[in-house]
Structure formats: structure tokens, C-alpha cells
Amino acid sequence: NIGLVNSEKDLLAKCLSFNNSKVAVLGAAGGIGQPLSLLLKNSPLVSQLSLYDIAHTPGVAADLSHIETRAKVTGYLGPEQLGECLKGCEVVVIPAGVPRKPGMTRDDLFTTNATIVAVLSEACARHCPEAMMCIISNPVNSTIPITSEIFKKHGVYNPNKIFGVSTLDIVRANTFVAELKGLDPARVSVPVIGGHAGKTIIPIISQCTPKVEFNQDQLVTLIARIQEAGTEVVKAKAGAGSATLSMAYAGARFVFSLLDAMNGKEGVVECAFVRSEETEMPYFSTPLLLGKNGIEKNLGMGKLTPFEEKLVAEAMAELKGSIKKGEDFVKSAK
Ligand SMILES: NC(=O)c1ccc[n+]([C@@H]2O[C@H](COP(=O)([O-])OP(=O)(O)OC[C@H]3O[C@@H](n4cnc5c(N)ncnc54)[C@H](O)[C@@H]3O)[C@@H](O)[C@H]2O)c1
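- Under the annotation held in an unreviewed UniProt entry, the protein carries the name Malate dehydrogenase, mitochondrial and is attributed to Callorhinchus milii.
- Its UniProt record, at the heading Sequence similarities (unreviewed entry), says of the protein: "Belongs to the LDH/MDH superfamily. MDH type 1 family."
- Quoted verbatim from the Catalytic activity (unreviewed entry) heading of the UniProt record, the comment on the protein is "(S)-malate + NAD(+) = oxaloacetate + NADH + H(+)".

Description of the UniProt feature "binding site: substrate" (unreviewed entry) in the protein
Right, on to step 1. In the UniProt entry, the feature "binding site: substrate" (unreviewed entry) is given for R100, R106, N138 and R172. Lining the largest pocket, from the residues just named, are R100, R106, N138 and R172.
Right, on to step 2. Looking at where R100 falls in the secondary structure, it is placed in the loop between β4 (91-94) and α5 (110-127).
Right, on to step 3. When residues no more than four places from it in sequence are discounted, the contact partners of R100 are T105, R106, L109, G230, T231, V234, G241 and S242.
Right, on to step 4. There is a polar contact of 3.3 Å between the side chain of R100 and the backbone oxygen of M104.
Right, on to step 5. Following the sequence through the fold, N138 ends up in the loop between β5 (132-135) and α6 (140-153).
Right, on to step 6. With residues up to four places along the chain from it excluded, the contact list for N138 reads R106, L109, N113, T143 and H196.

Here we look at the site of the ligand
Right, on to step 1. Taken together, 27 residues lie near the ligand, and G31, I32, D53, P95 and H196 sit nearest.
Right, on to step 2. Between I32 and the ligand, the recorded distance is 2.9 Å, taken from a backbone N or O atom to an oxygen atom.
Right, on to step 3. The backbone of I136 places a nitrogen or oxygen atom 3.1 Å from a nitrogen atom of the ligand.
Right, on to step 4. When the ligand sits alone it has 870 Å² of accessible area, and the protein chains cover 85% of it.
Right, on to step 5. Here the ligand occupies the largest pocket.
Right, on to step 6. Of all the secondary-structure elements, those providing two or more residues to the shell around the ligand are β2 (48-53) and α5.
Right, on to step 7. By residue number, the principal contributor to the shell around the ligand is α5, which donates three residues.
Right, on to step 8. Tallied by class, the residues present in the shell around the ligand amount to 16 nonpolar, 10 polar and one charged.

About the criteria used
The numbers attached to residues start from 1 for each chain and follow its sequence in the written order. With the structure being a predicted model, the display of local features is reserved for residues of pLDDT at least 70 and the display and counting of side-chain atom pairs for 80 or more, all residues being used for whole-chain, interface and lining totals. Note: side-chain values were computed over all heavy atoms of the structure, leaving out hydrogens and water. UniProt positions are given in the numbering used here, feature names are shortened, and annotations may be inferred rather than shown by experiment. Buried and open spaces are told apart on a 1 Å grid over the protein atoms alone, a cavity being a set of points where a 1.4 Å probe fits but cannot get out and a pocket being an open set with protein on both sides within 12 Å along at least five of seven lines. Residues with an atom within 4 Å of a point are the lining residues. Strands here mean DSSP runs of E at least two residues long; helices mean DSSP runs of H or I at least four residues long; both are numbered from the N terminus. Note on contacts: a residue pair is in contact if any heavy atoms of the two residues lie within 4.5 Å. Here a polar contact means two N or O atoms within 3.5 Å. Within protein one must be a hydrogen donor candidate and the other an acceptor candidate, and residues neighboring in sequence count only if both atoms are side-chain atoms. To be near a molecule or strand, a residue needs just one of its heavy atoms within 4 Å of it. The method behind every accessible area is Shrake-Rupley, applied with a 1.4 Å probe, and residues are considered shielded solely by the protein chains displayed. Here the criterion for a molecule occupying a pocket or cavity is that more than half of its atoms lie within 2 Å of the pocket grid points. Just so you know the grouping, Ala, Val, Leu, Ile, Met, Phe, Trp, Tyr, Cys and Pro go in nonpolar, Asp, Glu, Lys and Arg go in charged, and all remaining residues, Gly too, go in polar.

And the structure:
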């Protein structure tokens, strides 16, 4: 006892908890998983980093563990080590699953990735039901309903803690707007709402800060580029996969925002694909105010232009189908 008054004890507790977050990456040896784990290892917000995959995690963990930052890195290999990996985790990030090849849509990944996400979510519901779940595996429009249904099955569902990571769409929108307007991309902020596939990706350029003006033709071209940016990378990689480095950056940005908010930072806002009551869709991405317990407040779509309203209306049918596909997948499983 060093004779602290209550307010000092509170402050000390805050400081001590600041660095104590256990984060797991499931699919940690993959194209996204490795650079994402590197960025997490480099952060003072993470004290323990649990890396799980069905291949190569001992090597990735040994490699990262030599970096002179305090996060303790542990590798876990194969299903029998998954429970141990998840114990005590506050945040779980899932980039496990197969990526697209040229000519494929995100939905073409459903059969393989639905099972992977279901198995991993099942383990999380058992071993760390309180953790924030950040799902990167595609198709995000279906994998979030899958994780949600699995958590419901286990009686541990908290819609404020399950996030479909769509941050890469925001990152791309910021970059492309900055390029066109000669701005510093770090100072541009474009909300992207809807979902995370093709036409369901809806950048709200009218709400960009700083305010930017485009004529209708420029706007249509810009929005199409943001919606197809993933395919741009898939084509350029010519069979070697989809976005990994920019996705690792975006995934880390989302996790750091979440950890900041969990540690008590105020005013942290990120868009993510979550359970929602903002439209007739049960899941929808909008800007979210994050807090200690995940989503503190859904900030909604805000005021849209008639053109943006039309984009939202046109996304609904695809979104509905993808959400139902995810929900049905879990309902029909034994
Ligand atoms: N949300 C987004 O914006 C976004 C962006 C890009 C890619 N993605 C998606 O992320 C996923 C991963 O992409 P990638 O390029 O890293 O693929 P990758 O093939 O390079 O890596 C995937 C990793 O998952 C692992 N894995 C497979 N089954 C597993 C299981 N059952 N348990 C644990 N790990 C398992 C593999 O061993 C591999 O290491 C894909 O589904 C891709 O579509 C999402």
C-alpha cells in the first residue's frame, strides 16, 4: 500500500490495464495473417499475441517473438491447440480462409470459408465468449451472420461485439479521394456503408471530410473504383491471391481503434458490418461509436444525397441474399 487516494488508484488501474490486452489472430500464417500479426506485435496496446493456424504458426511465432516489443507471442497449431490459444482473449481477429482468384466473386468463397469461420466461431463461443470478434474472412456479408448465429446457438450472443471488418473499403476510399483532390490521405475520411462486396460497398462521398466536390461522371467512376478495388488487386496478383498488405493495415487500424475505445478513449468511430436496425437489413455497415463494450452507439447513415439513397436501395437485394445464406448455413448444420 503506497497510500493512494481513490482517484489516483483509478488512474493507476487505467494505466495498468492500458497495455494488457490479449489478442488472437486465427489464420495467422496466411497472406493477411502474417503482416497483421507483425503490426499487432509492434503496438504498445497489445500485451499478448496468440497466433493460430493449421500450418506454420510455430515458425511465424518464433520469428515475431524476437522483435523488441513487449507483446508476448505464442503460436498454436491445429484444432487441439485452439482452445488454449483463445483462453482469456479480449479481441479475436479472423483472417482464416481462402482468398479470391481472378474471375471469382467473394461469394464464390462461401463453401470453403463458411465452414472455417463456423468452426473458429464455435471455438470462440466456447473459450472466449466475451471477446470482441473481428471477422475478415470473406464473404463478410455472410460470415458475420454465421458467427452471430453460432454465438446465439451457444447462448453467448452480444451483437455489440461482433464486427465484419470493412475498414479496407474506407482506407481505399480515403486514398482514392486524396489522389483525385491532391490531399493528404491521412486527413481524408470517407464513411463507407452497406456491406463488403461489389455494389453493397457504398462510399458516402457527400459526407467526406474535408468536403470534396465531384461532378456526376467523376462520382460514378470513383465509386465504381472503390467497389472494385479488391478485384483490381486480385487481377494484378494474377492468381497469387487478393489484398493482403493493405488488408493487414486496415485490420490493424480497426483493432487499434477497438483497443483504444476499450481502454477508455472517447470519440472513437469506425465503420463495420454489424447487427443493425438502421435499415430493413438485419446486418448493415454504418459509422459506429466504439466504447469499452464494443459498439456504444450506432451513428447511422446520416443524410444521404438522392444518388446515395439509390445506391443503398440497389444494394439491398444482394445484401439480403448473402445474409440469409449465412444464417441458413448455421441453421441447417447439425
Ligand atoms: N474483409 C476484407 O476486406 C478482406 C480483404 C482481403 C481478403 N479478405 C479475406 O481474408 C481471407 C484470408 O485471405 P489471405 O489472403 O490471408 O489468404 P491466405 O490463403 O494467404 O491465408 C489464409 C490462412 O488461413 C489458414 N486457414 C485455413 N483454414 C483454417 C482453419 N480452419 N483454421 C485456421 N486457419 C485456417 C491457412 O492455413 C492460411 O494460413 C480470405 O477469405 C479473403 O477473401 C478479406
